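Chain by chain, the residues:
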Amino acid sequence: MEVYTVTVATGESEYSGTNNYIFVTLVGEKGESERTLLDNPGMDFCRGAVDEYKVTSPRPLGSLLLVRLEKQRYWVEDNWFCRYVTVEPPGGDKVVFPCYRWLTGDIKVDLRAGTAKTQRDDALAQLLAHRRTELQDRQKIYRSSNNTTTQRQRFTCFQRLCNNCTVSWVSVLDGNILSRFLAHYVFGSEYCMEHWKEDWFFGYQCLNGSNPRMIQRCKKLPENFPVTSDMVQSSMAPGTNLDQELKEGTVFLLDYAILDGVPTNTIKGKPQYIAAPLCLLYQHPDDGLMPIAIQLGQTPGLDTPIFLPKDPPLAWLLAKIWVRHAEFQVFQVLSHLLRTHLVVEVFCVATLRQLPAVHPIYKLLAPHLRYTLEINTRGRSQLISADGIFKRVVSTGGEGLLILAQREYKVLTYRSLQPYNDFADRGVSRLPNYFYREHSLMLWEAIHSFVSGMVSLYYQSDHDVQGDVELQAWIREIAQEGLAELPSFGLPSKVSTREELSTLLAVVVFTSTVQHAATNNGQFDWCAWVPNTPCTMRQPPPTDKNAATMEMVMASLPDVSQSCLQMAITWHLGRAQPDAIPLGHYTEEHFTEAPAVALINGFRAELEKIEAHILSQNERLELQYLFLLPSRIENSITI
């Protein structure tokens, strides 16, 4: 009788344990063990437990191929999260079988050993059949559809504030009523409240705010933005002018044309308003990046004047508020939701449908896709649904949101998701104090180097990439199904080289970690002081620069109920999650072989160097940029 030592690790999160029956069968090249009920004296499969058992076989099983787990109900259904199983054969080395999944209902699961294998690495018919069966089962579960759940989330402290709030924005602006509240949660939000009216702070947010990839170099003024040199001369440094600075590459543009004509929301029976501004900025040698001209529409004319810093202060302030309002729409709907959440969802679904758990690319991507489908489902039901948060407080909520997203779909490109190309195409590679650019490029290099190492480990040549039928099915589903409605995306439906594969994988990891953090993590900092980035506007854009009054500003901004809800949602979305896993931390050990583990350790060491650099750089800064600290970047999109 052969005796195998089996250990079973239960998950560490809440409710991971079970009191149901768990059976195991060991499957080897020469046969199967007895189907064994795993039952030690006392409690088995408690949360965080690693339980050891003996499993017998009447004959040697040979090389172990699979571990078969079965869960059966005992009295009541009790789901179970299994982390891994290890098997130590008589006189042999321990073999790890990663699981990292929930077992729900009466279910049977066959686990492969942890060594990553492409299909060409499997010669046995039994293992090839296991790959096919696993994918067939997953393809029945995961489809490209909009199924939603009805989970609710609570923002209790903010709801109490909203329900009891009768104060007006006039008193808030004049009396700093929220200063203690803001200071209690985030330093950045208090700093924003103190400096939001200042032009340098407006320019800073174009570089390092929640939408840091909107700004582009302006080589020639758009025909629909008739700014003259005389208009902005007072904003120029001594001895220069607009035409000269356009040639020097120090003039930049924000163009929100994508908002032009988007239908607006109606909230509590009252119409809301949006604008499609154009904003010109100048990199002043002494003052930094400064706004120098704003037009609140795409069609110039008497009703769309060009606002300037030398205009009456309230007129210039109101023009900047309108630009920041446009910024809220673009960063929440396009930069955040569409360009991170929904793009990564395409790769998530294809990975689950086309790559078995033993595949090296599945193992590489799985930690960076954790919870993404779940949070996107919640987002569909709670944020962007017909009765969701956006419909209640955002000026593009409802039909406008869908039209805005459809417009972005038409212009979104694969190239723009690659940071070096993005910065070069926007002409912003030389802009100073662009911390988002500097940090994201360091992180891109680290990610690209890491995934390139993994690709080289499992694909010895470009021919190996081309011959991996599962990998080719994966990219084909992404390009032909997941991204089929994006006419300009430009991703081929096959991958031909190791370099192409490495770049694509780096895009997925970068987008699900760094890019998401850049747009998500600072939301509360920039949006908690609502006048800085209002979610909606209740009056139309001003048409007369000399008619701006404080009453007009107050009437335009969100009411306090809307403002409280904006604060609530940006706090909830931007806060650190209690079970967050930082970038490069792989708590689920899908890779078990030493070379892959060494690459992971090297990646983490590089991230530690980047962390030290960013912290050192920020020691001298009054307004610190820490959103892309690796320790503050989640390993996947979970919120």
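It should be emphasised that the depicted structure is a prediction, and the values quoted were computed from it without experimental measurement.

Looking now at helix α13 (residues 399–411). With 13 residues, α13 extends 19 Å from end C-alpha to end C-alpha; this agrees with the ideal 18 Å at 1.5 Å per step. Buried within α13 we find Gly400, Leu401, Leu404, Ala405 and Glu408. Considered in projection along α13, the buried side chains sweep an arc of 130 degrees and stay on one side of the axis. Exposed residues on α13 whose side chains face more than 90 degrees from its buried face are Glu399, Leu402 and Lys410.

A separate point is the packing of helix α9 (residues 313–354) against helix α18 (residues 498–520). At a closest axis distance of 10 Å, the pairing of α9 and α18 adopts a crossing angle of 150 degrees. Taken together, the axis directions place α9 and α18 in an arrangement best described as roughly antiparallel. Between α9 and α18 lies a crossing of left-handed hand. On α18, the residues touching Phe331, Ser335, His336, Arg339, Thr340, His341, Val344 and Phe347 of α9 are Leu504, Val508, Thr511, Ser512, Gln515, His516, Thr519 and Asn520.

This paragraph deals with the environment of Pro309. With respect to the helices, strands and loops of the structure, Pro309 is situated in the loop between β16 (306–307) and α9. Look at Pro309 and you get partly exposed, because its relative accessible area is 29%. With 297 residues separating them along the chain, Pro309 and Glu606 place their C-alpha atoms 44 Å apart.

One open sheet holds the 4 strands; their spatial order is β5-β1-β7-β8, and the pairing between them is antiparallel. Looking at the sheet topology across the chains shown, the edges are occupied by β5 (50–57) and β8 (95–103). On average, each strand axis in the sheet is tilted by 25 degrees relative to the strand beside it, whichever way the strands run. As judged from the 8 bridges shared by strand β1 (residues 2–10) and β5, these two strands associate in the antiparallel manner. Looking at β5, one finds that Glu2 is bridged to Ser57.

Here the focus is the sheet that holds strand β15 (residues 288–295). Taken in spatial order, the 5 strands make up an open sheet running β10-β11-β14-β15-β16, and their pairing is antiparallel. The open sheet has two free edges, formed respectively by β10 (216–217) and β16, since each of these has just one partner strand. As judged from the 5 bridges shared by strand β11 (residues 251–255) and strand β14 (residues 278–284), these two strands associate in the antiparallel manner. Across the sheet, Val251 pairs through a bridge with Tyr282, a residue of β14. Relative to β15, helix α6 (residues 199–208) is tilted by about 95 degrees, and along the sheet it contacts β11, β14 and β15. In the packing of α9 onto the sheet, the strands contacted are β11, β14, β15 and β16, and the crossing angle to β15 comes to about 95 degrees.

A few words on unusual backbone geometry. Of note in this structure, Lys268 is not a glycine but carries a positive phi near 55 degrees. Checked against the element boundaries, Lys268 lands in the loop between β12 (266–267) and β13 (270–271). On the accessibility criterion, Lys268 (70% relative accessible area) is exposed. The phi torsion at Asn433 lies on the positive side, around 60 degrees, for a residue other than glycine. As for its position among the elements, Asn433 is in the loop between α14 (419–426) and α15 (435–458).

The rules behind these values
- Each chain carries its own residue numbering, running from 1 in the written order of its sequence.
- Reporting in this predicted model follows two pLDDT cut-offs: at least 70 for local features of residues, and 80 or more for side-chain atom pairs to be given and counted; totals over whole chains, interfaces and linings ignore these cut-offs and use all residues.
- Note that the side-chain values use all heavy atoms of the structure and ignore hydrogens as well as water.
- Strands are runs of DSSP state E lasting at least two residues, helices are runs of H or I lasting at least four, and both sets are numbered from the N terminus onward.
- Helix span, as expected, comes to 1.5 Å for every residue beyond the first.
- The cut-offs for exposure are 20% and 50% of the maximum accessible area for each residue type, with area from a 1.4 Å probe on protein chains only; residues under the lower value are buried, those over the upper are exposed, and the others partly exposed.
- An arc is given here, and it is the one of the directions from the helix axis to the C-beta atoms.
- Axis definition: a line fitted to C-alpha atoms, over the contacting stretch in the case of helices. Angles run 0 to 180 degrees between N-to-C directions.
- Roughly parallel refers to an angle under 35 degrees, roughly antiparallel to one over 145, roughly perpendicular to one between 65 and 115, and oblique to any angle outside these ranges.
- Each crossing gets its hand from how the near helix is turned against the far one by less than a right angle, where anticlockwise is left-handed and clockwise is right-handed.
- In what follows, residue pairs with any heavy atoms lying within 4.5 Å of each other are defined as contacts.
- Strands are labelled as partners when DSSP assigns at least two bridges between them.

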